Amino acid sequence: PHLLIPREHRPGEARVAATPETVQRLTGKGLHITVEAGAGEPSGFFDQAYAAAGAQLRGPDPEVWEQVDGVLCVQPPQRERLDLLRPGALLVGLLAPYGADVLVGSLNRRQVSSLALELLPRTSRAQTMDVLSSQANIAGYKAVLLAAAALDRYVPMLMTAAGTIQPARTLILGAGVAGLQALATARRLGSVVYVSDVRPAAREQVESLGGRFVAPPELAETPAEVGGYAQAATEAFLEAQRSQLEEQLAQADMVICTAQVPGRPAPRLISEAMLDRMRPGSVVVDLAVGQGGNCACTVAGQTVLRNGVQLIGADALPSSVANHASALYARNVAALLEHLITLTAPPEDAGLPGGGAFPLNREDPIVAGCLLTHAGRCWRPDVVGLPA
Ligand code: NAD
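Per chain, residue numbering runs from 1 following the sequence as it is written. Note on the predicted model: pLDDT of at least 70 is required for a residue's local features to be given, and 80 or more for side-chain atom pairs to be given and counted; whole-chain, interface and lining totals, by contrast, use all residues.

**Structural notes on the overall build of the chain**
What counts is decided by this rule: Secondary structure elements follow DSSP: runs of H or I of four or more residues count as helices, runs of E of two or more count as strands, with numbering from the N terminus. In this treatment the radius of gyration is a C-alpha quantity, and the globule benchmark scales as 2.2 Å times the residue count to the 0.38 power.
For the chain, the count of helices and strands is 14 helices and 19 strands. Taken over C-alpha atoms, the radius of gyration comes to 22 Å for the chain, in line with the 21 Å a tight globule of 388 residues would show. Based on the C-alpha atoms only, the size of the chain along its principal axes is roughly 65 × 50 × 35 Å.

Structure, rendered in structure tokens:
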């Protein structure tokens, strides 16, 4: 099969879906790779290195989209490009599947097959392909660096001739991949760190990284956990959480917001009244801003100064660490491709008509999880039907 690595077109997107390392890995498995010239430049991977790794380089020529069997991308390509793909071609990327009925409509009109990496199952088999984890890890790390750089205080405890400086206090909301990396990073900088999560299993992970766990309120409606993910909390539960966190927040220097529920608006854990009590000079970084935000008043891509508190709406942090974010993303995608080429074609009755260069066997749990469109049909209407 012949795959295209396009140059990402969304403003601010500096990542790329394959690196010279993964091109070499995939060509070694018999795949033919074309890289759009300059695709890796924003992340520090240059055309020469791709060519040396075995890729064919092409200018930004729309015709190539008509020729390939698949496209590996970070974000969904422009509609005009997708409309050039031939029936049975495969699109792999972070396709933002929640509420994606427009994208799904155009893929189905073209009979393009697509795998949305957000929907990969969180199993040990799929761990090497888990882009949500590799990118969330980067976001959690960078969020702490942004907060520390914006903070008007030292982070570590320091004993100087001018006296002792107490360590900064960090509050992290959500102990998923991003939250745990934020915890580890803040600890490395010498901060005292408190972490809140609704999943009881998070306590042990937080404590093993030197954080102090803020247990959720003990209420009957504590959100259940399904497949490792917290479910959405009721408004009454969130109200109890907010009053529990209010005092923590008033004492915090840095607050890193990572609490999310897949396919739902982010839980609103910080209200304006809570912000009123924060110390001027303190900083909030809201990683959930794209899902509506954990914190009131945060705006995606902007820093809002509110009564001396900096509210950073951080929606594109992985792209700001573009070299490593791409290196890891590309390895995740290569692992998925390697998995796909080992699959055998599904039996006739497996419900997946239509050919294509890869045997998209839905008996495989990885394919079943992230197969968004195939043969003119949407295979995850449960996700596409949710609000974006
Ligand atoms: P996420 O980005 O979806 O959410 C971040 C965190 O927010 C989660 O820990 C969630 O419990 C928490 N949260 C939700 N509502 C909250 C609220 N009201 N208050 C406080 N916290 C709240 O999470 P993620 O990083 O994708 O991780 C989700 C789960 O998946 C975790 O259990 C993680 O360990 C697991 N995981 C498993 C694998 C694997 O097995 N391969 C890989 C990655 C993650």
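**Remarks on the pairing of strand β10 (residues 192–196)**
In the case of a regular strand, side chains alternate between the two sheet surfaces. Let me state the cut-off plainly: Burial is judged by counting the other C-beta atoms within 10 Å of a residue's own C-beta: 20 or more makes it buried, 12 or fewer makes it exposed, and any count in between marks it as partly exposed, with every C-beta position built from the backbone. DSSP calls a pair of strands paired once it identifies at least 2 bridges connecting them.
The buried fraction of β10 amounts to 5 of the 5 residues, a majority that puts the element mostly inside the structure. Side chains V192, Y194 and S196 project from β10 onto one buried face, and the interleaved V193 and V195 project onto a second face that is buried too. Here 5 bridges tie strand β9 (residues 169–173) to β10, and the two strands are oriented parallel to one another. Among the inter-strand pairings, I172 is bridged to a residue of β10, identified as V195.

**A look at the packing of helix α1 (residues 20–27) against helix α12 (residues 322–342)**
The following threshold applies: Each axis is a line fitted through C-alpha atoms, and for a helix only the stretch in contact is used; angles between axes span 0 to 180 degrees, taken between their N-to-C directions. If an angle is under 35 degrees, it is roughly parallel; if it is over 145, roughly antiparallel; if it lies from 65 to 115, roughly perpendicular; otherwise it is oblique. Any two residues are considered in contact once their C-beta atoms, placed from the backbone, lie within 7 Å. Residues are grouped as follows: Ala, Val, Leu, Ile, Met, Phe, Trp, Tyr, Cys and Pro are nonpolar; Asp, Glu, Lys and Arg are charged; all remaining types, including Gly, are polar.
The contact between α1 and α12 brings their axes to 9 Å, and the two run at 10°. Between α1 and α12, the interaxial angle falls into the category roughly parallel. Contacts from T22, R25 and L26 in α1 reach A330, R331, A334 and L337 in α12. Here the contact of α1 with α12 is built from residues that sort into 4 nonpolar, 1 polar and 2 charged.

**Points about the pairing of strand β17 (residues 309–313)**
The buried fraction of β17 amounts to 5 of the 5 residues, a majority that puts the element mostly inside the structure. Alternating residues of β17 divide into V309, L311 and G313 and Q310 and I312, and every residue in both groups is buried. Bridge count for strand β15 (residues 283–286) against β17 is 4 bridges, and the pairing is parallel. Paired with V284 across the bridge in β17 is L311. Direction of pairing for strand β16 (residues 303–306) relative to β17: antiparallel, over a ladder of 4 bridges. From the neighbouring strand, V304 faces β17, where its bridge partner is L311. Between the antiparallel neighbours β16 and β17 lie 2 residues, among them N307 with a positive phi of about 50°.

**Digging into the site of the ligand**
Rules: Near, as applied to residues and a molecule or strand, means the residue's backbone-placed C-beta atom lies within 6 Å of it.
Close to the ligand lie 30 residues; G174, G176, V177, A230 and A259 are nearest. Residue composition of the shell around the ligand, by class: 16 nonpolar, 10 polar and 4 charged.

**Considering the nonpolar core**
Inclusion rule: Among buried residues, those of type Ala, Val, Leu, Ile, Met, Phe, Trp, Tyr and Cys that are joined through C-beta atoms within 7 Å form a set called a nonpolar core.
Ranked by size, the top nonpolar core spans 119 residues in total, and within it A17, A143, I256, C257, V285, L287 and V333 carry the most contacts. Top element by residues in this core is α12. It accounts for 11 residues.

**A word on unusual backbone geometry**
Residue A96 is not a glycine yet carries a positive backbone phi of 50°. By the secondary structure assignment, A96 is in the loop between β5 (90–93) and α5 (101–109). Residue A96 is classed as partly exposed on the basis of its 14 C-beta neighbours within 10 Å. The backbone of A375 shows a phi angle near 50°, a positive value even though the residue is not glycine. For A375, the position within the fold is in the loop between β18 (371–374) and β19 (377–378). Exposure remark for A375: the 18 C-beta atoms within 10 Å place this residue in the partly exposed category.

**Describing the packing of helix α6 (residues 131–150) against α12**
Running from amino to carboxyl end, α6 crosses α12 at an angle of 170°, the nearest separation of the two axes being 9 Å. Viewed along their axes, α6 and α12 adopt a mutual orientation that is roughly antiparallel. For the pair α6 and α12, the contacting residues are V131, S134, Q135 and I138 in the first and H324, A325, L328, Y329 and N332 in the second. In terms of residue class, the contact of α6 with α12 is built from 5 nonpolar, 4 polar and no charged.

**Considerations on the sheet that holds strand β11 (residues 212–214)**
With mixed pairing, the 7 strands of this open sheet are ordered in space as β11-β10-β9-β14-β15-β17-β16. Since the sheet does not close on itself, it has two edges, and those belong to β11 and β16, each with one partner. Strand-to-strand twist across the sheet, computed as the mean angle between neighbouring axes with direction ignored, equals 20°. In this fold helix α7 (residues 177–188) packs onto β9, β10 and β14 (254–257), with an angle of close to 170° to the strand it touches most, β10. Most of the contacts of helix α9 (residues 235–251) go to β9, to which it runs at about 145°, and overall it touches β9, β10, β11 and β14.

**Examining the sheet that holds strand β4 (residues 70–72)**
Judged by pairing direction, the sheet is mixed, and its 8 strands sit side by side in the order β3-β2-β1-β4-β5-β6-β18-β19 without closing on themselves. Where the open sheet ends on each side, the last strands, each with one partner, are β3 (56–58) and β19. In the sheet, strand β6 (residues 113–116) pairs with β18 via 2 bridges, with the strands oriented antiparallel. From the neighbouring strand, L115 faces β18, where its bridge partner is L371. Packed onto the sheet, α5 meets β5, β6, β18 and β19 and runs at close to 40° relative to β18.

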